[in-house]
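Each chain is listed here by its residues.
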Amino acid sequence: MTDLSPTSIRDALQSTAPIDSTQVQGWVRTRRDSKDFSFIELNDGSSLRNLQIIAKNTLPNYSAVQRLSTGASLTVNGALVPSQGKGQKWELVADKIELVGAADDSYPLQKKGHTPEFLREIAHLRPRSNLFSSVFRVRSRLAFAVHQFFQERGFVYVHTPIITGSDCEGAGELFRVTTLDPADAGSRTAKGEIDYAKDFFARPTYLTVSGQLEAEAFALALSKVYTFGPTFRAENSNTSRHASEFWMIEPEMAFCDLKGNMDLAEEFVKYLVADAREHCPDEMELFGKFVDKELLARLDFVINRPFQRITYAEAVELLKKSGEKFEFSIDYGFNLQSEHERWLSEKHFQCPVTVFNYPKEIKPFYMRLNDDGKTVTAMDLLVPGIGEIVGGSQREERLQVLEENMRQHNMDPADYKWYLDLRRYGTAPHSGFGLGFERMLMFVTGVPNIRDVIPFARTPGSAEF
Ligand code: 4AD
Ligand code: MG
């Protein structure tokens, strides 16, 4: 007996010549029987496509083969030969089929289509479906492309902490990290308040909402850096675009202004779209067929055209004149809601649009104050179907102005001494942004719910698995 190491189904299907003896392993998608054969569609997740296995009735365990059901795992040895059937180049004529793990009729992924809601309840099995295996292969590919994009451009990857003491966005949407037991009287002060001096880190700590502040420290040393990691928001938004745990990519560049920042965000988004188009053709075709018929045309349009750029004041004027009935009213000084963002990119410009120079009151403390004294150098990139996908700004590099911004945001500059040091010692104009990785995946795949582009979603009221 030769000991064969298994070939992935992807490699088998891309073979350039027949192979006399090979081995594959995977899970049964379907089985059908004719008089002298069983045909098994086997999938191992290496590609969207299945490999057809031909099992002849001369196999010693043919009766067991005829009982194989969807979901069972197999090791198959045999010969890779040109396929007689349509739509596939190769098939495998088995000379040995080993049942590794059986599955019975209670296996929930049957051939008929399932709703995304049902599949979310079986998030541990849904990567075995065509749609989800495709989403997660694209996710993996784009994670790689993120690193490639920045590494090709001389950015240094920085691992910013997940446990932090600061609220970067100042929105108070923090998950607390503590080892204190609130029921234990020893965790409290004489006044009955939680005594953080007794906590693990001897101070209040949280899961990070953004790696930006720490990335700024590294940009003011290594010039061009980026982070790519999980971020957490205890934001009680039950929408199709908000997750409590999501992954964010945050570049930060020294000696870079708002214009350079907007240029980079646009180049980055286009790069990721083009990468998926080039490297995941089967998956993209599936999304275009079954998720969103206009997806591929829209993405090609996005790659090939410059994005629109308008100021917040111009955006508000357009929205007020639109004649559209919005659920939330809009006026100068109000936050743009997702319906406003979508109207701008979907209806009005019909392409991605970067909105910049927002009123200082509705943006975080770290954004650079413009000469008008009223607006800050914020920028949000809005895309059709989703709304905001990128948020960023030029940072306030002037010590006094930054301290004043902090006070206006009810923050005590004394709590941010290390951050202010960056302005005390060799300060420089610098800029950066955050791209929500799941929102980018929604944009690229057309999948309309954020819960379906992350392996195990965490949302308000739900942290299953
Ligand atoms: O606009 P945000 O809050 O910006 C920041 O966190 C900055 N510190 C980034 C920076 O300048 N370095 O978030 C950035 C992006 C959003 O545009 C959105 O794509 C995504 O992160 N995002 C979320 N994605 C999923 N679920 C949520 N709850 C999200 N909140 C933000
Ligand atoms: Mg934002």
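Residues numbered from 1 in each chain as written. Chains lettered and ligands numbered in written order. Predicted model: local features only at pLDDT ≥ 70, side-chain atom pairs only at ≥ 80, totals over all residues. Heavy atoms only, no water.

Trainee: Explain the overall build of the protein to me, please; I cannot follow it from the model alone.
Mentor: A tally of helices and strands in the protein yields 13 helices and 16 strands. Structurally, the protein occupies a C-alpha span of about 85 × 60 × 45 Å along its principal axes. Expressed as a percentage of the 465 residues in the protein, the buried residues total 50%. With an accessible surface of roughly 22,300 Å², the protein has 52% of that area assigned to carbon and sulfur atoms. (Helix = DSSP H or I, 4+ residues; strand = E, 2+ residues; numbered from the N terminus. Buried < 20%, exposed > 50% of the residue type's maximum accessible area, 1.4 Å probe, protein only. Areas by Shrake-Rupley, 256 points an atom, 1.4 Å probe, with all protein chains shown as cover.)

Trainee: Help me out: how do you make sense of the side chain of S431 in this one?
Mentor: One can find S431 in strand β16 (residues 430-436). Accessibility expressed as a relative area gives 0% for S431, which makes it buried. In this view, S431 contacts P251, E252, M253, C256, D257, L258, N261, S393, Q394 and R395; residues no more than four positions away in its chain are not counted. (Contact = heavy atoms within 4.5 Å.)

Trainee: What exactly am I supposed to notice about the state of the cysteines here?
Mentor: Covalently bonding the sulfur atom of one cysteine to the sulfur atom of another cysteine gives a disulfide. Tallied over the entire structure, the rule returns zero disulfides. For the unlinked cysteine C168, the closest cysteine sulfur is that of C256, found at 17 Å. C168 gets classed as buried once you look at its relative accessible area, which sits at 2%. (Disulfide = S-S within 2.5 Å.)

Trainee: Before we go on, may I ask you to explain the packing of aromatic side chains in this structure?
Mentor: Geometrically, a pair of aromatic rings is defined through the distance of the ring centres and the angle of the planes. What the rule picks out here adds up to 21 aromatic pairs. Judged by centre distance (5.9 Å) and plane angle (85°), the rings of F228 and W247 are edge-to-face. With F228 in strand β10 (residues 224-232) and W247 in strand β11 (residues 245-254), the pair connects residues that are 19 residues apart, well separated along the chain. On the basis of relative accessibility, which here comes to 8%, the residue F228 falls in the buried class. Aromatic pair Y312 and Y358: ring centres 5.2 Å apart, planes at 40°, arrangement tilted. Here Y312 is found in helix α9 (residues 312-321), whereas its partner Y358 is found in strand β13 (residues 353-359), with 46 residues between them in sequence. For Y358, a relative accessible area of 1% puts it in the buried group. A network of ring pairs unites the aromatic residues F149, F150, F155, Y157, Y226, F268, Y271 and F433 as a single cluster. The ring of F39 is capped by R32, whose NZ or CZ atom sits 4.4 Å from the centre of that ring. (Phe/Tyr/Trp six-rings, centres within 6.5 Å; stacked < 30°, edge-to-face > 60°. Lys NZ or Arg CZ within 6 Å of the ring centre and 35° of its normal.)

Trainee: Explain the site of ligand 1 here, please?
Mentor: By nearness alone, 25 residues border ligand 1, and E169, Q212, R233, E250 and E388 come closest of all. For ligand 1, an oxygen atom lies 3.5 Å from a polar atom in the backbone of V390. Residue G436 places a main-chain N or O atom 3.2 Å away from an oxygen atom belonging to ligand 1. Here ligand 1, which alone exposes 630 Å², has 94% of that area covered by the protein. Counting atoms within 2 Å of the grid points, the majority share of ligand 1 lands in the second largest pocket. (Near = heavy atom within 4 Å. Polar contact = N/O pair within 3.5 Å; in protein donor to acceptor, adjacent residues only side chain to side chain. 1 Å grid on protein atoms, 1.4 Å probe; cavity = no way out; pocket = protein on both sides within 12 Å on 5 of 7 lines; lining within 4 Å. Sits in = over half its atoms within 2 Å of the grid points.)

Trainee: When you look at the layout of surface pockets in this model, what are you seeing that I'm missing?
Mentor: To find the voids left in a structure, one rolls a probe of water-molecule size over its atoms. Space inside the second largest pocket adds up to approximately 1,200 Å³. Elements with a minimum of two residues in the lining of the second largest pocket: β11, α10 (338-348), β14 (375-383), β15 (387-394), β16 and α13 (437-445). Counted by class, the lining of the second largest pocket contains 18 nonpolar, 14 polar and 13 charged residues. (Points joined across faces, edges and corners; volume = space filled by probe spheres on them. Nonpolar A, V, L, I, M, F, W, Y, C, P; charged D, E, K, R; others polar.)

Trainee: I'm lost on the pairing of strand β2 (residues 37-43) in this one. Help?
Mentor: Put simply, side chains in a regular strand alternate between the two faces of the sheet. The buried count for β2 comes to six of seven residues, which makes it a mostly enclosed element. Sheet topology note: the strand β1 (residues 19-33)/β2 ladder contains six bridges and is antiparallel. Bridge pairing in β2 places R32 opposite F39. Count of turn residues in the β1/β2 antiparallel hairpin: three residues. (Pairing = 2+ DSSP bridges.)

Trainee: Looking at this structure, I do not really get the sheet that holds strand β6 (residues 156-157). What am I missing?
Mentor: Strand pairing in a sheet relies on backbone hydrogen bonds, with the paired strands running either antiparallel or parallel. Strand order in the open sheet formed by eight strands is β6-β10-β11-β16-β15-β14-β13-β12, and the pairing between neighbours is mixed. At either end of the open sheet lies a strand with only one pairing partner, and these are β6 and β12 (308-311). Direction of pairing for β14 relative to β15: antiparallel, over a ladder of six bridges. Residue pairing across strands places L381 opposite V390, the latter belonging to β15. Helix-sheet contacts for α10 involve β12, β13, β14 and β15, and the interaxial angle to β14 is about 65°. (Axes fitted to C-alpha atoms, helices over the stretch in contact; angles between N-to-C directions.)

Trainee: In this structure, what is going on with the environment of Y206? I would like to understand it.
Mentor: Examined against the element boundaries, Y206 turns out to sit in strand β9 (residues 205-207). Look at Y206 and you get buried, because its relative accessible area is 15%. Among residues more than four places away in sequence, those in contact with Y206 are I162, I163, T164, G165, L174, F175, R176 and V177.

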